[in-house]
Structure formats: C-alpha cells, structure tokens
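Structure assessment
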Amino acid sequence: MMKLWCRQIVSVVRLEMKKTFFSKRGLWVYLLASAPVVLYMVHSVHVTRERRHLAQLATEHPISQAVFNDIKTGLSRDQVVEKLGEPYCQRTRYYHGGNGEKHSFVLYKYTDGKNDITYHFEDDELAWIHRRNPDTLPESQLIFATSFQFYFLRLAVFFGCVGIFINLFRGEMLNKSLHFYMLTPMRREVLLAGKYFAGLLATVVIFTSSTALQWWAMLWQFERGVIVDFLTGPGWTQFGAYLGVTALACVGYGSIFLAVGLLFRNPIIPTAVVLLLESANPFLPPLLKKTSMIYYLQSICPVTAAPDKNMPPLINLLISPTEPATTLTAVTCIVLLTFLVLALASRLAQKLEINYSTE
Amino acid sequence: MKNDLITFDNVSRFYGEVLGVNRVTLSLPPGITSLVGPNGAGKTTLMNLVAGLIRPTRGRIRVLGQCPTQSHKLFGLVGYATQFDAFPKGLSGFQFIYSFLRLFGYSNAECKRLANQVIEQVGLSDAAGRKVAGYSKGMRQRIRLAQALAHDPRVLILDEPLNGLDPLVRAETINLFRRYTSEGRHVLVSSHVLHEVDMISDQVVLMSGGYVVAEGQIQSVRSEIQERPVKILIHCKQPSILASKAFEQDHVVEAQLLSEGSGVLIKTRDADRFYRLLNHLALNGIDIEGVTPADDDVNSVYDYLIGNEEKVSS
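Residues numbered from 1 in each chain as written. Chains lettered and ligands numbered in written order. Predicted model: local features only at pLDDT ≥ 70, side-chain atom pairs only at ≥ 80, totals over all residues.

Re the overall build of chain A
The condition is simple: Secondary structure elements follow DSSP: runs of H or I no shorter than four residues count as helices, runs of E no shorter than two count as strands, and numbering proceeds from the N terminus. Computation of the radius of gyration draws on C-alpha atoms alone. For the globule rule, the value is 2.2 Å times the number of residues to the power 0.38. Whether a residue is buried, exposed or partly exposed follows from its count of other C-beta atoms within 10 Å of its own C-beta, namely 20 or more, 12 or fewer, or something in between, respectively; the C-beta atoms are built from the backbone.
When its secondary structure is counted, chain A shows 13 helices and 4 strands. Expected size for 359 residues packed as a compact globule is a radius of gyration near 21 Å; at 28 Å, chain A overshoots this value by more than 25%. Along the three orthogonal principal directions, the C-alpha set of chain A runs to about 90 × 45 × 40 Å. Relative to its full complement of 359 residues, chain A shows a buried share of 32%.

The structure is reproduced here in structure tokens:
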C-alpha cells in the first residue's frame with residue numbers, strides 16, 4: 001500500500017511541477033526571490049569599484065599611516081594640506097549663522113587605499129574626522145542577517161508560499177480541473193501530500209537557491225583570502241543554517257497556506273491575518289510570540305538582526321524581549337505545527353466537494 | 001443486497017437552500033441507463049453523487065456495494081466523464097491520459113499501453129501528441145471519454161457524452177456503450193437528446209426539478225401512465241373496417257384514419273386488450289401490414305410526465 005501511495009505522490013508532484021515552477025502567474029515569486037540577489041550584486045559591484053578607486057588614488061598619492069595619525073581636530077585646512085597634500089575630493093558649503101555671519105563648511109577627502117577618510121572643517125578649523133571602510137565582512141553579515149529576517153523570511157518566502165501553496169487547491173478549483181484528481185482511486189490524504197510536496201519542492205528550490213545566491217553575492221566583493229578565512233571559520237555553518245531556515249520557512253508557511261487554500265474561498269483575509277500576526281511578533285507578549293512561525297525561524301538564524309537605531313523610543317518600549325528558542329525546540333515546534341496543520345488540511349480534503357458553480 | 005447494482009436510498013442533496021435532488025430512491029441494474037430531464041433537473045447532481053464528487057445531504061448511495069465517498073475503493077470500479085470542459089494545462093491528449101493513469105498507480109509501461117489503447121478506441125490516435133487545449137469540442141469530448149474508459153471500469157458515468165460529436169463518431173460511441181454493457185457493466189448517461197436516449201437506453205430515469213418522475217424501461221414507464229391513452233399506429237388495407245371494429249371496444253377512445261388511407265391511429269386505455277383484438281381481426285381477414293406504438297418513446301413519455309415544464313429538445 002505504501003508503495004502505491006508513494007507512486008501516486010510522485011505522479012501528483014510530476015503533474016504539479018509545471019504549475020508550481022513554470023506558471024506565468026507565478027513569475028512574481030521568482031521576482032520576490034531574486035530581488036535581494038540583485039540588490040546584493042549591485043551593492044557588491046559598487047563596493048568593489050569603490051575599493052579599486054581608493055586603491056588607485058592611494059597609489060597615485062601615497063600617504064603613510066603615520067601622517068594620517070598626525071592629523072588631529074583643531075588643525076587648519078592649510079596645515080592639513082601641508083601634511084597630506086591636496087585632497088582627491090573637496091566640497092564647500094556656506095551657511096548664515098543666527099547673527100547673520102557667513103560660515104563655511106568644507107569636506108576634504110583622502111584615502112589610505114582601504115579607508116575613505118573625510119575631514120570636516122568648520123570655518124577653516126578641522127571639526128571632526130570620519131573614516132569609512134567601504135564594507136567589512138562583519139558589517140555585511142549584519143546586513144545579510146537583517147535583510148534575511150526582515151525582508152526575505154517575512155515577505156519573500158511568506159508571499160512566495162502564499163502564491164504557490166494557496167493555488168494548489170484553490171487555483172484548480174478556479175480552473176475547474178481539480179476533479180481529475182478526484183476521479184482516481186487515490187486517497188485524499190495522498191493527494192494532499194502530493195500537492196504539498198510539489199509546493200514544497202518548488203518553494204525550497206526557488207528560495208534556497210535565492211539564499212545561496214544572496215550569500216554568494218554578499219561575499220563576492222571580498223578578497224579570496226577573506227572569504228576562505230570566513231568560510232573555514234563560521235561561514236559554512238552560517239550558510240547551512242540560512243539554507244535550513246529558508247527550507248523550514250517553506251515547510252511551515254507552506255502547510256499553513258495549503259490549508260488556507262482548502263478552507264477559504266477568498267484567501268486574502270486569512271493571509272492578511274497571518275501576515276499581521278507574524279509582523280506583530282516583536283510586540284506580542286512572550287507566550288503569544290511562541291505561537292508564531294517567525295519566532296522559531298529567527299531563533300535559529302545564525303546572526304541576530306541589527307535593531308533599528310532610528311526606531312522611535314516609544315516603539316522600542318513596546319518590543320518585548322524574549323529568549324530565542326534552542327535549535328532543537330525551534331525545529332521540533334515548526335515540524336509539529338506543520339504536521340498539525342497538514343492533519344487539519346487532510347480532514348478538509350476528505351470533505352472537499354467538487355462544486356465549481358459556487359466558486 | 002446484490003453487488004452489481006447502483007442504489008440510491010432516499011437520497012437528497014441541497015446546495016444551501018437550493019434543491020439539487022430530493023428523495024431519490026433508485027436501483028439501477030447493469031445496462032445503459034439514461035438520465036433524462038431539462039436543465040436543472042438534477043441529472044449532473046445525481047451523477048456527481050454516484051462519483052462521490054459531492055455528498056448527499058441525506059440518504060445513502062452504494063455503487064456495486066461501495067460507498068462513493070471512499071474514492072480509493074470506488075474509482076477502481078468507476079470511470080466518470082464529467083461535463084466540465086477544463087483540463088490540466090499544457091498536456092497533450094496522450095500525456096493527459098497517461099498522467100491520469102499514473103495516479104492509479106500503474107507502472108510506466110502499463111500506463112503507456114493503456115493510454116495508447118484507449119486513445120485508439122476513441123479514434124484520437126492521430127491527435128494524441130497535440131495539446132488538449134488545441135482540440136475541437138468533439139475531440140475534447142472524446143478525450144474525456146477516453147479518460148473515463150482508460151482503466152476499464154465496471155461502471156461508466158458519462159455526462160452528455162454525445163454532445164459535440166459528429167454523426168459517425170456518435171454511432172461508434174453508441175456501439176462502444178453497447179459492447180460495454182454486453183459484458184454486464186453499467187453505463188449511466190445523461191442526455192437531453194431524446195431520440196438518442198430512445199435508441200441507446202436499456203432503462204431511463206426521467207427527472208424534473210430534482211425529483212425522479214419515472215424510471216424503468218421506457219415501455220413499462222409508458223404503460224404506467226394510465227391517464228394518457230396509448231397511441232397505436234396500424235397500417236392495413238381496410239382501415240375503416242378496423243376503425244369501426246376498434247371503436248366498438250370501450251377502451252378505445254379515438255380512431256383516426258390516416259389521410260392517405262393507408263392505416264389508422266388508435267388511442268386506447270388498454271393496449272393489451274387492443275392487441276388481442278388486433279390478433280382476432282387479423283385471423284378474421286383484416287390484412288394488417290404493420291403495428292407501431294406511436295407514443296412509447298422517451299419524447300412522448302417525457303411530454304406526458306413533464307409536459308408543463310421546460311421542454312427538452314428532441
């Protein structure tokens with residue numbers, strides 16, 4: 001019997017593949033998945049160019065690190081130029097003070113080949129110094145973690161699962177083609193499993209590929225040595241964790257939206273409710289937090305996302321700090337929730353009737 | 001209970017407050033059974049109930065002893081060609097049947113063999129490689145028929161199966177049904193083309209407004225309509241003598257001579273007694289060339305039973 005079910009599941013997956021992977025209506029899922037990859041690539045290209053530019057400037061006008069260290073606030077522009085030479089870029093602005101006096105604000109830019117060093121002069125006196133490295137690996141990791149948790153998981157994977165899983169049943173009801181499955185000696189639970197695996201295959205392939213490409217695009221800007229050091233350190237573990245979290249997100253959200261597609265004629269409202277619950281997660285009390293998928297997914301992300309420095313203090317107050325779940329707890333809870341939702345969906349599938357005229 | 005019957009036991013189905021079928025009690029033996037009725041009569045609802053695509057609100061259905069809601073047991077026995085003119089996207093005729101058979105759990109080789117066989121049976125071999133979306137209406141009808149036949153079921157349910165078919169294919173399809181039922185199987189068809197129903201059916205189920213109005217062999221149904229005299233057309237050499245003899249009988253209500261003088265149309269309340277009279281007259285010198293019942297076809301029966309309702313095309 002098990003062999004028959006497996007055969008039937010494979011047949012359903014094969015039939016569904018075209019719809020889940022190659023449907024014209026599903027193109028936006030690819031756009032969602034590829035958007036962060038494109039952003040990382042554009043960023044990497046920009047940073048690489050900037051690095052090359054700084055290195056070239058440093059070669060043309062070499063300045064020793066000791067000279068840079070000599071520059072302190074309070075120096076005049078002439079004194080700075082005397083020590084460092086002419087800047088590669090300068091900008092001047094004028095403004096009027098409260099007493100009507102005209103003041104100047106001047107920026108001088110230098111480089112040591114790696115850092116972009118900006119000197120800010122107010123009325124000809126060096127007011128402060130700003131050193132900026134175009135991008136460092138820890139900074140990139142933090143950006144990746146934030147984008148992964150706040151854009152990729154909450155929006156891209158979430159809506160990707162909405163698009164693919166809801167259509168597995170609802171789309172076929174609208175196309176009036178679901179009855180073909182119902183005319184075969186296949187248990188409804190087996191049909192449900194087949195459709196779920198078809199959706200899972202599509203979302204896992206699309207979104208884990210996107211995660212892998214984002215990872216590659218993020219690292220691409222760095223020198224080979226930096227990348228190798230990182231990967232042999234925590235890099236591969238982090239990479240594996242991100243792929244795992246992506247796949248688990250598809251597993252969890254997929255089951256929810258498969259059930260939504262079976263239960264509701266209009267899935268927009270339940271989808272909005274789930275989105276609201278997932279988005280409101282930081283503000284929920286600790287116990288309620290643990291009922292949302294994103295809590296467990298974030299718990300197993302390898303890097304904690306950076307809090308928004310510009311967040312208003314009042315909103316900051318509303319955020320309830322909760323200890324993240326352990327990896328084992330998080331994975332177990334997601335898998336259990338998935339089984340629970342699929343069991344419910346299976347009951348719904350058993351009662352499903354083909355009545356297209358009411359759709 | 002015999003296991004070769006399709007039975008409905010006081011079955012009702014409502015769509016919210018709308019009646020689909022109500023209090024249907026039927027027992028259908030093997031053979032070609034036609035469901036006849038106007039749009040909204042409940043024919044498709046009855047078929048969907050048999051196939052388990054919908055569930056009865058009340059009552060019980062058994063198909064060869066199986067409950068239709070247990071699709072994994074039912075669809076080894078049942079093939080259903082629905083009226084829904086929609087197919088999984090992007091598949092050719094062959095792929096459609098092949099994929100359908102794969103869902104039954106057949107092996108790859110078996111699926112290919114069965115798919116080719118049934119596609120040939122419905123005369124679509126040349127078009128098997130083309131996308132179903134590009135098929136004509138008749139071809140789509142045939143590929144649906146192939147899908148229903150593919151796994152060689154014991155019960156074939158066909159919703160308006162002859163719609164859109166050209167006369168030659170129609171005749172072939174009807175022959176196919178006959179071959180099928182000659183092996184003791186069920187063919188349950190719905191149709192509103194009454195002369196075809198007459199031609200193909202072993203029994204009919206007349207439906208109107210969700211109710212079964214009459215069921216059985218069409219002649220038996222006709223004979224049960226007592227309030228309508230039976231019309232019998234007799235071709236003979238002496239129609240006026242026959243008419244006068246017939247009119248002496250109390251059960252004969254009308255005798256109408258045909259305009260060309262070739263016969264007489266009799267209306268009688270007791271067909272059996274009239275046939276006995278005819279035998280007697282034939283033995284006593286009336287030269288009878290032919291006797292034809294004039295209103296025991298589905299059209300007439302339908303007209304008598306559901307005459308004031310929507311008239312179906314004939």
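What to know about the overall build of chain B
Defined as follows: Working definition of a contact: two residues with C-beta atoms, positioned from the backbone, lying within 7 Å.
In terms of helices and strands, chain B carries 11 helices and 13 strands. Each principal axis of the C-alpha atoms in chain B carries an extent, and together these give about 70 × 45 × 35 Å. Residues classed as buried in chain B amount to 42% of the 314 residues present. For chain B, long-range pairs separated by at least 24 residues make up 66% of all intrachain contacts whose partners lie at least 6 apart in sequence.

Let's talk about the interface of chain B and chain A
Counted only if it meets this: Under the convention adopted here, Pro, Cys and the residues Ala, Val, Leu, Ile, Met, Phe, Trp and Tyr are nonpolar, Asp, Glu, Lys and Arg are charged, and Gly plus all remaining residues are polar.
At the interface, 24 residues of chain B touch 23 residues of chain A. Contributing elements (two or more residues each) for the side of chain B that touches chain A: α2 (71-74) and α3 (93-102) of chain B. Here the residues of the side of chain B that touches chain A are counted per class, giving 13 nonpolar, 8 polar and 3 charged.

Here's the deal with the sheet that holds strand β8 (residues 203-208) of chain B
All names here are of chain B. As a reminder of what qualifies: One requirement defines pairing of two strands: DSSP has to find at least two bridges between them. Axis lines are fitted through C-alpha atoms, for helices just across the contact stretch, and the angle between N-to-C directions can take any value from 0 to 180 degrees.
With mixed pairing, the 6 strands of this open sheet are ordered in space as β5-β6-β7-β3-β8-β9. Taken across any chain shown, the strands that pair with only one partner, and hence form the sheet edges, are β5 (78-81) and β9 (211-216). Strand-to-strand twist in this sheet, taken as the mean axis angle between neighbours without regard to direction, amounts to 15°. Where strand β3 (residues 31-36) meets strand β7 (residues 186-191), 6 bridges bridge the pair, whose relative direction is parallel. From the neighbouring strand, I32 faces β7, where its bridge partner is V187. Across the sheet, helix α1 (residues 43-50) lies against β3, β6 (155-159), β7 and β8, angled at about 155° from β7, the strand it touches most.

Brief notes about the environment of P56 of chain B
Residues and elements named next belong to chain B. Relative to the elements of secondary structure, P56 occurs in the loop between α1 and β4 (58-63). Judged by local crowding, P56 falls into the buried class, with 21 C-beta atoms found within 10 Å. Along the chain, P56 and F100 lie 44 residues apart, while their C-alpha atoms are 26 Å from each other.

Observations concerning the domain arrangement of chain A
Defined as follows: Bear in mind that the domain bounds are from an automatic or database domain assignment.
Domain boundaries in chain A define domain 1 (2-49 + 136-358) and domain 2 (60-132). Summarising the inter-unit geometry, the C-alpha centres of domain 1 of chain A and domain 2 of chain A are found 49 Å apart.

Some thoughts on the pairing of strand β11 (residues 252-257) of chain B
The pairing of β11 of chain B with strand β12 (residues 263-268) of chain B spans 5 bridges and is classified as antiparallel. When the sheet's bridge partners are listed, V252 of chain B is paired in β12 of chain B with T268 of chain B.

Here's the deal with the confidence of the model for chain B
Note the following rule: One confidence number per residue, pLDDT, is output by the predictor and ranges from 0 to 100.
Summing up the model confidence of chain B, the mean pLDDT is 85 and the portion of residues at 70 or higher is 92%. Interface confidence in the predicted complex, given as ipTM, is 0.76; pTM for the same model is 0.82.

Looking at the packing of helix α7 (residues 188-219) of chain A against helix α13 (residues 327-351) of chain A
Residues and elements named next belong to chain A. Spelled out, the test is: Angle categories: roughly parallel below 35 degrees, roughly antiparallel above 145, roughly perpendicular from 65 to 115, and oblique for all the rest. Each helix crossing is assigned a hand: it is left-handed if the near helix lies turned anticlockwise from the far helix by less than a right angle, otherwise right-handed if that turn is clockwise.
Running from amino to carboxyl end, α7 crosses α13 at an angle of 125°, the nearest separation of the two axes being 8 Å. Taken together, the axis directions place α7 and α13 in an arrangement best described as oblique. The two elements α7 and α13 meet at a crossing, and its hand is right-handed. On α13, the residues that touch R188, E189, L191, L192 and Y196 of α7 are L342, A345, S346, A349 and Q350.

Observations regarding the environment of Q221 of chain A
All names here are of chain A. You can see Q221 is positioned in the loop between α7 and α8 (224-263). C-beta crowding within 10 Å serves as the criterion here: with 23 such atoms nearby, Q221 is assigned to the buried category. Remark: the alpha-carbon pair of Q221 and T146, spanning 75 residues in sequence, is separated by 19 Å. Not counting residues within four places of it along the chain, the set of residues in contact with Q221 comprises S44, V47, T48 and D135.

Describing the nonpolar core
Note the cut-off: Buried Ala, Val, Leu, Ile, Met, Phe, Trp, Tyr and Cys residues form a nonpolar core when they are connected through C-beta atoms within 7 Å.
In this structure, V157 of chain A together with V50, I97, L101, A115, A146 and I157 of chain B are the most contacted members of the largest nonpolar core, which totals 138 residues. No other element matches the 15 residues that helix α5 (residues 137-175) of chain A contributes to this core. The residues contacting I157 of chain B, other than those within four sequence positions of it, are M47, V50, A51, V78, Y80 and L188 of chain B. Counting 14 residues, the second largest nonpolar core, distinct from the first, contains V230, I234, A246 and L278 of chain B.

Side note on the sheet that holds strand β2 (residues 102-111) of chain A
Residues and elements named next belong to chain A. Strand order in the open sheet made by the 4 strands is β1-β2-β3-β4, with antiparallel pairing throughout. With partners counted over all chains shown, the strands left at the sheet margins are β1 (89-96) and β4 (125-132), one partner each. Here the average twist between neighbouring strands, direction ignored, is 20°. As paired strands, β2 and strand β3 (residues 116-122) are joined by 7 bridges and run antiparallel to one another. Considered in β3, the bridge of V106 is made with F121.

Looking at the confidence of the model for chain A
Scored by pLDDT, chain A has a mean of 88; 95% of the residues are at 70 or more. No element of chain A has a lower mean pLDDT than helix α12 (residues 313-318) of chain A, at 62, and none a higher one than α7 of chain A, at 95.

A look at the pairing of β2 of chain A
Residue and element names in this part refer to chain A. Here β1 pairs with β2 via 8 bridges, running antiparallel. When the sheet's bridge partners are listed, C89 is paired in β2 with K109. Here β1 folds back onto β2, and the loop between the two strands holds 5 residues, one of which, G100, carries a positive phi near 85°. Linkage of β2 to β3, two consecutive antiparallel strands, is achieved through a turn of 4 residues, within which G113 is found at a positive phi near 105°.

So, α1 of chain B
An α-helix turns once every 3.6 residues. As a result, residues three or four positions apart point the same way. Residue and element names in this part refer to chain B. Counting buried residues along α1, 8 of its 8 residues qualify, which places the element largely inside the surrounding structure. Within α1 the residues assigned to the buried category are K43, T44, T45, L46, M47, N48, L49 and V50. A positive backbone phi angle near 75° is found at G52, which sits one or two residues after α1.

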